[in-house]
Amino acid sequence: MFATAYAIPDVLVFAAAALCILGGALGVIAMKNPVHSALSLILCLLGVAVAFLEQNADFLAAVEVIVYAGAIVVLFLFVIMFLGVDTSKHPHVEPLVGQRWLAALGVVVTVAGVITLMVNSHWVSGVMSTSTGGTALATGADNVTQLGDSVFTTYLLAFEATAGLLIIAVVGAVLLARRERTADVDEIEVTDIEIEVGEDEGQWWIINQESSEEVES
Amino acid sequence: MSHLAPLILVLPLVGFMLVLVNGRSLSNRLVGLIATSVVGLSFVASCASFVLLLHDRSREVTVNLFTWISVDTLHVPAAILIDPLSITMCLFVTGISTLIHWYSTAYMEGEKDFRKFFLYLNLFVFSMLTLVLANNLVLTFVGWEGVGVCSYWLVSFYFDRESAASAGKKAFIYNRIGDIGLLLAMFLLFVHTHTLTYLEIFSSTSLLSPTIATLVVLALLLAATGKSAQIPLFNWLPDAMEGPTPVSALIHAATMVTAGVYLLVRMSPVLALSSSGRLTIAVIGGVTAFVAATIATAQKDIKKVLAFSTVSQIGYMVLAVGVGAYGAALFLMVSHAFFKALLFLGSGSVIHSLGGEQDMRKMGALAKWLPLTFPTFLIGWLTISGVPPFAGFWSKGDVLTNVFAHNKVLWALGVVTAILTAYYMTRLFVLTFRGTERFREVTHQHDPHESPLAMTAPLLILAALSVLGGLLDLPWAHGFSLTHFLAPTFGYVAPLGAQSTGLQTGLALVDVAAAVIGLFAAFSIWRSTVESPTFEKPFFEHVWHWDDAYDTVLGRPLEHLAQVSNDVVENRVIDAAVEGLAGSVQRSGEGIRKLQAGMVRQYALAMVLGVTVVVVYLVGRVG
Amino acid sequence: MTIPASWFLVLAALLFGVGAFGVLTRRSALIMFMCIELMLNAVNLTFVTFARTLSDIGGQTTVFFIMVVAAAEVTVGLGIVVAVFRRRESTSVDDLSELQG
């Protein structure tokens, strides 16, 4: 057993996290009820948070749970409820010919290829860090400090930009979700309508129409 | 001289521009006056230049107008060459043109396109003068084309008549076929002598081998047959009679049709190098003269008779050129200009008096109604028949005497043609002016009236010239003759000197006998009858079926080819290629369009498959 | 000895694959969105792994920003979904094929 090379708690935590992640992911794509899918998504995200924790990304784990699982998925659930989305009726029918097979093929080949590439390059991305110069990543509260330093000094521009982005997103969401105002229609008093029956395919149209009141739109 | 010579050339152009620009605001009379006077002034300038040339020792003046083409080794200046040959041509071209312009002011009166007529006439005179005065082949070619175009315009002057329009086309197309000859000659000469200026070509004739010289001569002959209406390109001239009579007189009798002969005479130093070329020229000239004369004997239209007569007379000129008697050819050219113009204008007067009738069967006994036209026409008739002492006798005699010295067969042919000439001209004269009145129904019982002064005065002048024209080149006047004047411009003169006076007198008697035989034969046959006698074959009247032969051999196959090209090549090949290309693009577009089904998942799948391909490639490369 | 990075990377790749398959296969717009979130999370995991391997906090910073953007994206995306599907009864994206050629 490779347990002698690695600490058992670490392996167990990893296994749990992996299980949650993959289970949740498969649940998302396999469930017929969208609410079930959303809940599976939460499971997956929690697994990801645990994986983050294991890699000394404490702050991010917290953010993952709070923002991703806590806000985004909740938003999903809101919308599901709001629209009254039903269980999908014909999950086994695939109208596009060969979609599933090709999708499976493509995905499998891509993932296998990526893994192969990673193996060949010894799990290193090839980009060497320039900023920290080889110091170990901080843990615990120091991780927050380190991350904060990075966000507010090195990547300040991106930070400000994302702030702007969020505002735009909020405004956009409000605009998109707005219900159109229905017109207040006063009574139209129609005095004269001449209707002529057209000769092509039974069409008719109003030749002359006089109305006494205007329509507000 | 250097200021005077360009004036000869430019004056008709000035007239053309004036009428072109101001035409609508000028009255017809003023237009006629301007057009006639510019040509008259050009004639005056020609006379002055002639006098100046006589005093010039070298008898050869080149006036450079401007540098036209100067590319690598090709240098073509726009320059004028004044030498005896060109000044002679200028004199009679401008002189006769002035008379005909004057005549036209009365003849074309009342026509709605009066201004256009004079525009074309002036432009024609300008082109002809360019042709004659040019000092190089290219400028001559410009003039050559110019007269061809003006001829086309003037022949199809009454363009709303189908026959006139096609006659114009026919004239132009035949001319163009001949032009290939001139172009080939130019190319050959340039390749071998590297120059296109006459004087330089003449000084480098040693660079031409006999074969090349023969080819050049034959090419020039082709050009001459096209322009001067010889066999095989002669049948445009009778059709060209569709144009108004002054046009026929000027272009198709006196000037344009002599351009071919002029070209051959001008290139005489080159002709000197090729005896087979000259023989061909002589044969063509002689045969044409004979054939045309036979055709003329059977024509019913007065202008057609004169047209074929022109072809025949020019045949004589070409025959003289072929034999080497350039002086005789020029002499005949000048006198022919006088009497043929006279005959055409006279016939114009007749036609005018009868209100447009041209068929001789409907004329007759006009002598007492046309007191001025009749005597002038009589003089013209006697001249062309070769009756002494009129100009025709001297000039035709000169030609035949020279031909006799070289080729007896052609001489005999020439004499037979002379008999026929006298015959058909007498026939024309008798049918038109003598005999019984047959025109009453055409003139609606009115009397025919004599033409106005503007028409009869030129007739009188031309008649006088026909009478006196013989003085230009009398056989015994060696010092003051035309031939002597022109001699320096010729490359080679036939060895004529050894003919004795006795022989010359004998030949002259033969000529007179020919004329008399023809005259009496015609008088006796045509005095009493109007319809064709039994010995006259319709073969002659139908131009020896020449037109029909061309139609069968060339016309119909070409038409068929055009039809096939249209049906097969145009529709199936070209259209199919273009539409096929467009269609295939369209079809492929429609096919590709089906890829866009509007389904997001399909697009996503495409993206994933794309990524798959990339990954597979990378794995293949790295792994 | 901590868990080697390779395990996490493989896990992330598998998660990404599952998410991609889901996007291609499920018809409901909302489920497709969730699968996109899965893919984003796979990327996050990869970044964090590399942050650890290469000792660069930049990896985690990137994850931070990815989350922000994901949030914004979901907001707007769901807004669009709501707007579009308010008019129609179904949430199937197959019905949105009006931009076909």
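We now turn to the structure provided with this report. (Residues numbered from 1 in each chain as written. Chains lettered and ligands numbered in written order. Predicted model: local features only at pLDDT ≥ 70, side-chain atom pairs only at ≥ 80, totals over all residues.)

1. Brief notes about the interface of chain C and chain A
Phase 1 of the analysis: Across the contact, 67 residues belong to chain C and 75 residues belong to chain A.
Phase 2 of the analysis: Listed by contribution, the elements that provide at least two residues to the side of chain C that touches chain A are helix H1 (5-25), helix H2 (29-54) and helix H3 (57-87) of chain C.
Phase 3 of the analysis: The biggest single contributor to the side of chain C that touches chain A is H3 of chain C, with 23 residues.
Phase 4 of the analysis: A class-by-class count of the residues in the side of chain C that touches chain A yields 44 nonpolar, 17 polar and 6 charged. (Contact = placed C-beta atoms within 7 Å. Helix = DSSP H or I, 4+ residues; strand = E, 2+ residues; numbered from the N terminus. Nonpolar A, V, L, I, M, F, W, Y, C, P; charged D, E, K, R; others polar.)

2. Quick word on the environment of valine 311 of chain B
Residues and elements named next belong to chain B.
Phase 1 of the analysis: Locating valine 311 in the fold gives a position in helix H14 (residues 302-323).
Phase 2 of the analysis: Exposure remark for valine 311: the 25 C-beta atoms within 10 Å place this residue in the buried category.
Phase 3 of the analysis: Along the sequence, valine 311 and phenylalanine 290 sit 21 residues apart, while their C-alpha atoms lie 9.6 Å from each other.
Phase 4 of the analysis: Setting aside anything within four residues of it in sequence, one finds valine 311 in contact with Ala229, Phe234, Leu237, Thr288 and Ala292. (Buried ≥ 20, exposed ≤ 12 C-beta atoms within 10 Å, placed from the backbone.)

3. Describing the nonpolar core
Phase 1 of the analysis: Core analysis: the largest hydrophobic core is formed by 201 residues, its most contacted members being Leu220, Val261, Ala320, Ala329 and Ala341 of chain B.
Phase 2 of the analysis: Top element by residues in this core is helix H15 (residues 326-353) of chain B. It accounts for 17 residues.
Phase 3 of the analysis: The residues contacting alanine 320 of chain B, other than those within four sequence positions of it, are Ala325, Ala328, Ala329, Leu332, Val399, Asn402 and Val403 of chain B.
Phase 4 of the analysis: Formed by 76 residues, the second largest nonpolar core is a distinct cluster that contains Ile21 and Ile80 of chain A together with Ala12 and Val18 of chain C. (Core = buried A, V, L, I, M, F, W, Y, C linked by C-beta atoms within 7 Å.)

4. Description of the interface of chain C and chain B
Phase 1 of the analysis: Residue-level contacts link 11 residues of chain C with 11 residues of chain B.
Phase 2 of the analysis: Class assignment of the residues belonging to the side of chain C that touches chain B gives a composition of 6 nonpolar, 3 polar and 2 charged.

5. Some words on the packing of H15 of chain B against helix H19 (residues 453-468) of chain B
Residues and elements named next belong to chain B.
Phase 1 of the analysis: Viewed as axis vectors pointing N to C, H15 and H19 meet at an angle of 150 degrees, and their least axial separation amounts to 9 Å. In terms of orientation, H15 and H19 fall into the roughly antiparallel class. The handedness of the crossing between H15 and H19 comes out as left-handed. Contact residues: H15 offers Phe338, Phe339, Ala341, Leu342, Leu345, Gly346 and Ser349, while H19 offers Met455, Pro458, Leu459, Leu462, Ala463, Leu465 and Ser466.
Phase 2 of the analysis: Among the residues forming the contact of H15 with H19, the class breakdown is 11 nonpolar, 3 polar and no charged. (Axes fitted to C-alpha atoms, helices over the stretch in contact; angles between N-to-C directions. Parallel < 35°, antiparallel > 145°, perpendicular 65-115°, else oblique. Left-handed = near helix turned anticlockwise from the far one by under 90°.)

Remember that the coordinates give geometry; whether it matters functionally is a separate question.
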